[in-house]
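The primary structure of each chain is shown beneath.
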Amino acid sequence: MATRFWLFKSDPDEFGLSHLMKCPEQTTLWDGVRNYQARNYMREMKSGDGVLFYHSQTKPPAVVAIAKVVREAYPDPTQFDPLSKYHDAKSSRDEPRWSVVDIRLESALDRAVTLPEMREEPALTDMELLRKGSRLSIQPVRSAEWKRIRAMGRRQAPKA
DNA sequence: GCCAACGTTGGC
DNA sequence: GCCAACGTTGGC
């Protein structure tokens, strides 16, 4: 199956690129997702899939790094932990409700690709991220969008 | 800080 | 199974 591409939103106040860079092997499990659609996307992911690492709640919000999926979906341990804010009493170990994948940082972009820039980019007009009211924290990204954003993130912003 | 959009919950 | 109420997300 062909490599697929995804966008992961993170709130850098909670867990952003600087946190990911400090993780052992710059790898982390993506825990705490409590939205079924986002969960289902994680369950579709394959090792090697590409990840756009996005900071929300920043001024401006922006894609800041490239990562990749290095472990496919498995149960989110926080759902079983009564002390976790992600604890889910309705989930059971026999039938875990929530999943995680592991992602590893590949590289920070040379320059952040901001949301307003993306809105101005004709090649990106169909992106889920740019849809009004789009709140999904994990979204599929088309191959052409992936390439375009990577190009925009190189040292010099190319002409549109 | 505001508020629109969205998902979830729970009463009926 | 509908839908109003509520909580959350996230850009602005």
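Model, not experiment: these values are computed from the prediction.

Calculation notes
Residues numbered from 1 in each chain as written. Chains lettered and ligands numbered in written order. Predicted model: local features only at pLDDT ≥ 70, side-chain atom pairs only at ≥ 80, totals over all residues. Heavy atoms only, no water. Helix = DSSP H or I, 4+ residues; strand = E, 2+ residues; numbered from the N terminus. Contact = heavy atoms within 4.5 Å. Pairing = 2+ DSSP bridges. Axes fitted to C-alpha atoms, helices over the stretch in contact; angles between N-to-C directions. Core = buried A, V, L, I, M, F, W, Y, C linked by side-chain atoms within 4.5 Å. Buried < 20%, exposed > 50% of the residue type's maximum accessible area, 1.4 Å probe, protein only.

## As for the side chain of Glu145
Next, step 1: The topology assignment puts Glu145 in helix α5 (residues 143-152).
Next, step 2: When sequence neighbours within four positions are dropped, the list of residues in contact with Glu145 reads Ala123, Leu124, Asp126 and Met127.

## Topic: the sheet that holds strand β6 (residues 138-141)
Next, step 1: Reading across the sheet, the six strands line up as β2-β5-β4-β3-β1-β6 and stay open at both edges, with mixed pairing between neighbours. Strands at the two margins of the open sheet, each flanked by one partner only, are β2 (27-29) and β6. Put simply, the sheet's adjacent strands are angled 35° from each other on average, direction ignored.
Next, step 2: Of the pairings in the sheet, the one linking β2 to strand β5 (residues 99-114) comprises three bridges and is antiparallel in character.

## As for the nonpolar core
Next, step 1: Counting 22 residues, the largest nonpolar core has Phe8, Trp30, Met45, Phe53, Ile103 and Ile138 as the members making the most contacts within it.
Next, step 2: Listing elements by their share of this core, those giving two or more residues are β1 (5-10), α2 (17-22), α3 (36-44), β3 (50-55), β4 (62-75) and β5.
Next, step 3: Per element, the largest residue contribution to this core is five residues, and it comes from β4.
Next, step 4: With sequence-adjacent residues up to four places away left out, Ile103 is seen in contact with Phe8, Leu20, Gln26, Thr27, Thr28, Trp30, Val51, Phe53, Ala67, Lys68, Val69 and Val70.

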